[in-house]
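# Structure at a glance
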Amino acid sequence: MGTDTAVHEAPPVRGGRPWPRWPRPAAGAAGALLDVLHSGRWSIASPYGGGPTREQRFAAEFADYLGTRHCIPTASGTAALMTALEACGVGAGDEVIVPALSWAASASTVLGVNAVPVFADVDPRTLCLDPAAAEAAVTPATKAIVVVHLYSALADLDALRAVADRHGLALVEDSAQAHGSTYRDRKAGTFGDVGTFSMHHTKVLTSGEGGAAVTDDPVLARRIEHLRADGRARAGRPPAVGLPELVETGELMGSNRCLSEFQAALLSAQLPELDALNAVRRANAELLDGLLSESGLRPQDTSAGTTARTYFGYAVELPGEEFPGLTAAAVGEAVTAELGLHVRPVYAPLYASPLYAPATRPRFALGPGHLERLDPGRYDLPRARRAARSWLTFHHSALLGDAADMHDIAEAFRRVLSRPSARAA
Ligand SMILES: *Cc1c(COP(=O)(O)O)cnc(C)c1O
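Residue positions are counted from 1 within each chain, in the order its sequence is given. Owing to the predicted nature of the model, reporting of local features is limited to residues with pLDDT of at least 70; listing and counting of side-chain atom pairs is limited to 80 or more, with chain, interface and lining totals taken over all residues. In computing side-chain values, all of the structure's heavy atoms are included and hydrogens and water are not.

## Quick word on the sheet that holds strand E14 (residues 313-317)
Selection rule: Only strands joined by at least two bridges in the DSSP assignment are considered to pair. Going along the chain from the N terminus, every DSSP run of H or I of four or more residues is numbered as a helix, and every run of E of two or more is numbered as a strand. By definition in these notes, contact holds between two residues if any of their heavy atoms fall within 4.5 Å. With axes taken as lines fitted to C-alpha atoms, and helix axes fitted only over the stretch in contact, angles between N-to-C directions fall between 0 and 180 degrees.
If you trace the 4 strands from one edge of the open sheet to the other, you get E12-E14-E16-E15, paired in antiparallel fashion. In the strand order of this sheet, the two ends are held by strand E12 (298-299) and strand E15 (344-345), each with one partner. Helix H9 (residues 274-294) rests against E12, E14 and strand E16 (391-395) of the sheet, and its axis sits at about 20° to E14.

Pasting the structure below:
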């Protein structure tokens, strides 16, 4: 399948019509970037200029948007996760439970703080960390659980919070794919001891690269602040204009994981458009759910407490009983050829991903037996393995189109799935 359509030909279903582009600059983004350019203040480490940095302003806006007390912007989602884990006390040799389906950062950040990622299986309908599997993975060495809200689903936060509390573990809520979703009418990212966000260019709120860690706990917030600015923190009272604003407190050693003033200005310009764009994606996704269900496909579910979904990706299952012998990879390739839109299998199980390869980094060989604890061969998680074979996903930018675009996507699936080869076992 898919090989009969050469790449240079127009995609049959679409003809020449383009898909919406991403990222999309908000009104005011260009002016905000120019303001920073001429301000002489490009970093939070620049001399004090007489008012709050762009970074402080964005932090206050995003904290207000989420309904959380503290927001510490970071250079990336990866940086936010690493500072969150260290702020929660995770260190050398500790175990951190992570979902078996996620982006590579869910494992690499745990390795990055010298801890051991322990993969747990996912719920077969939401693809998010299964609370029972997470609880079964707890050992005396466990320090934290990292929950990931994947594609458009929110994990079962009630159950995961209860597991963490029962075992005295920190809960880190990776909301890199969930800016603006709500669970019991409260924003995702505010349920963990720390919530983390990515503002990478693929994400629904973006400055190209960027991130943030959020918390209600002032002690964790202060630790994160130090961890991301080389052990420095902002003084309680601003200094005289022209003097440094960050104080070398010596409280906690850190690294440089700061967001630049350009990125902060861009995020402040983009944030006011987030809810409206999320609503467009949600309406289109709901239309598409109905259309694809008619063809026997099963759109991704979300946990019962979800009150508003954010679509970072649209994900759908090809049920094996309906389409025996079909692999997601082959269908994805054929649908991609029909649409000129990249439709591909969901993440591979993280322990089987080529991006999880701790043995390639000498820094992770901490001591005798440590590399064995990191060995991906320890795992075979059937639900994650099955998902990689039978689910497809595409990026949220396509959901910024109109109803006709959703009908095109459904038509492409219909064509591909009705070919004789699709029904052959
Ligand atoms: C994107 C992403 C990250 C990493 O964010 P970066 O900004 O790319 O470092 C972490 N976790 C999840 C679930 C992500 O989707």
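## Topic: the pairing of strand E8 (residues 194-198)
Along any regular strand, the residues point their side chains to alternate faces of the sheet. Rule in force here: Residue burial is assigned from relative accessible area. The probe radius is 1.4 Å, only protein chains are included, and a residue is buried under 20% of its type maximum, exposed over 50%, and partly exposed in between.
Counting buried positions over the 5 residues of E8 gives 5, a clear majority of the element. Of the two faces of E8, both are covered, the one formed by Val194, Thr196 and Ser198 as well as the one formed by Gly195 and Phe197. Relative to E8, strand E5 (residues 170-174) runs parallel, the two being bridged by 3 bridges. Counted as the bridge partner of Val172 is Val194 from E8. With 4 bridges connecting them, E8 and strand E9 (residues 211-215) associate as antiparallel partners. Considered in E9, the bridge of Ser198 is made with Gly211.

## Focus on the nonpolar core
Selection criterion: Nine residue types can take part in a nonpolar core, namely buried Ala, Val, Leu, Ile, Met, Phe, Trp, Tyr and Cys, and a core is a set of them joined through side-chain atoms within 4.5 Å. An automatic or database domain assignment is the source of the domain bounds shown.
Among the nonpolar cores identified, the biggest contains 72 residues, and Leu85, Val96, Phe119, Leu127, Ile145 and Leu150 are the most heavily contacted of them. Of all the elements, helix H3 (residues 77-87) adds the most residues to this core, at 6 residues. Residue contributions to this core reach at least three from each of two domains, namely domain 1 (5-24 + 274-424) and domain 2 (29-272). By size, the runner-up hydrophobic cluster in this structure holds 31 residues, among which are Val13, Ala328, Leu392 and Ala412.

## A few points about the site of the ligand
This is how the line gets drawn: Summary of the distance rule: residues count as near a molecule or strand when at least one heavy atom falls within 4 Å of that molecule or strand. Polar contacts here mean pairs of N or O atoms no more than 3.5 Å apart (in protein, one a potential hydrogen donor and the other a potential acceptor; neighbouring residues in sequence count only if both atoms are side-chain atoms). For every accessible area listed, the method is Shrake-Rupley and the probe measures 1.4 Å; residues are considered covered only by the protein chains on display. Each residue is assigned to one class: nonpolar for Ala, Val, Leu, Ile, Met, Phe, Trp, Tyr, Cys and Pro, charged for Asp, Glu, Lys and Arg, and polar for all the others, Gly among them.
Within the structure, the ligand sits among 15 residues, and Gly77, Thr78, Asp174, Ser198 and Lys203 are positioned closest to it. Here an oxygen atom of the ligand sits 2.8 Å away from a polar atom, N or O, in the main chain of Gly77. Between the ligand and the protein, one listed contact pairs a nitrogen atom with a side-chain N or O atom of Asp174 at 2.7 Å. A total of 380 Å² of accessible area belongs to the ligand in isolation, and the protein chains cover 93% of it. For the shell around the ligand, a count of residues per class yields 5 nonpolar, 8 polar and 2 charged.

## Quick notes on the pattern of salt bridges
Threshold: Should a side-chain nitrogen of Lys or Arg be within 4 Å of a carboxyl oxygen of Asp or Glu, the pair is scored as a salt bridge.
All chains considered together, the criterion is met by 23 salt bridges. Note that Asp408 is salt-bridged to Arg14, the shortest N-O span being 2.7 Å. With Asp408 in helix H13 (residues 403-418) and Arg14 in the segment before helix H1 (29-39), this residue pair connects regions lying 394 residues apart in the sequence. The two residues Asp408 and Arg14 agree in class, both being buried. The partner of Glu245 in a salt bridge is Arg41, with the nearest N and O atoms 2.8 Å apart. Of this pair, Glu245 sits in the loop between strand E10 (232-234) and strand E11 (246-248) while Arg41 sits in the loop between H1 and helix H2 (54-66), and the two are 204 residues apart along the sequence. Because the salt bridges share partners, they merge into one network encompassing Glu338, Glu411, Arg414, Arg415 and Arg419.

## Things to note about H3
The buried fraction of H3 amounts to 9 of the 11 residues, a majority that puts the element mostly inside the structure. Listing the buried residues of H3 in full gives Gly77, Ala79, Ala80, Leu81, Met82, Thr83, Ala84, Leu85 and Ala87. Taking the backbone nitrogen of Thr78 as reference, a side-chain oxygen 3.3 Å away marks Ser76 as the first, capping residue of H3. The first or second residue beyond H3 is Gly89, which carries a positive phi of 90°.

## Considerations on the sheet that holds strand E4 (residues 142-148)
With mixed pairing, 7 strands are arranged side by side in an open sheet as E1-E9-E8-E5-E4-E2-E3. Of all the strands in the sheet, just strand E1 (70-74) and strand E3 (116-120) have a single pairing partner and so form its edges. On average, each strand axis in the sheet is tilted by 25° relative to the strand beside it, whichever way the strands run. Where H3 meets the sheet, its contacts fall on E1, strand E2 (95-99), E4, E5, E8 and E9, and the angle it forms with E8 comes to roughly 165°. Along the sheet, helix H7 (residues 218-228) makes contact with E1, E8 and E9, crossing E1 at roughly 15°.

## Quick word on the domain arrangement of the protein
Interface extent is often summarised as the accessible area lost during association of the parts. Stated precisely, the cut-off is as follows: A 1.4 Å probe defines the accessible area here, and the buried area is the portion of it lost by two parts on being joined, summed over both.
Domain parsing of the protein yields domain 1 (5-24 + 274-424) and domain 2 (29-272). Look at where the C-alpha atoms of domain 1 and domain 2 centre, and you get two points 26 Å apart. On the domain 2 side, the residues contacting the 50 residues of domain 1 number 54 residues. When domain 1 packs against domain 2, close to 4500 Å² is buried across both sides, 58% of that on carbon and sulfur atoms. Ranking the residues of domain 1 by area buried against domain 2 places Leu274, Tyr347 and Leu350 at the top, with a combined share of 18%. Put simply, domain 1 and domain 2 have 3 salt bridges between them.

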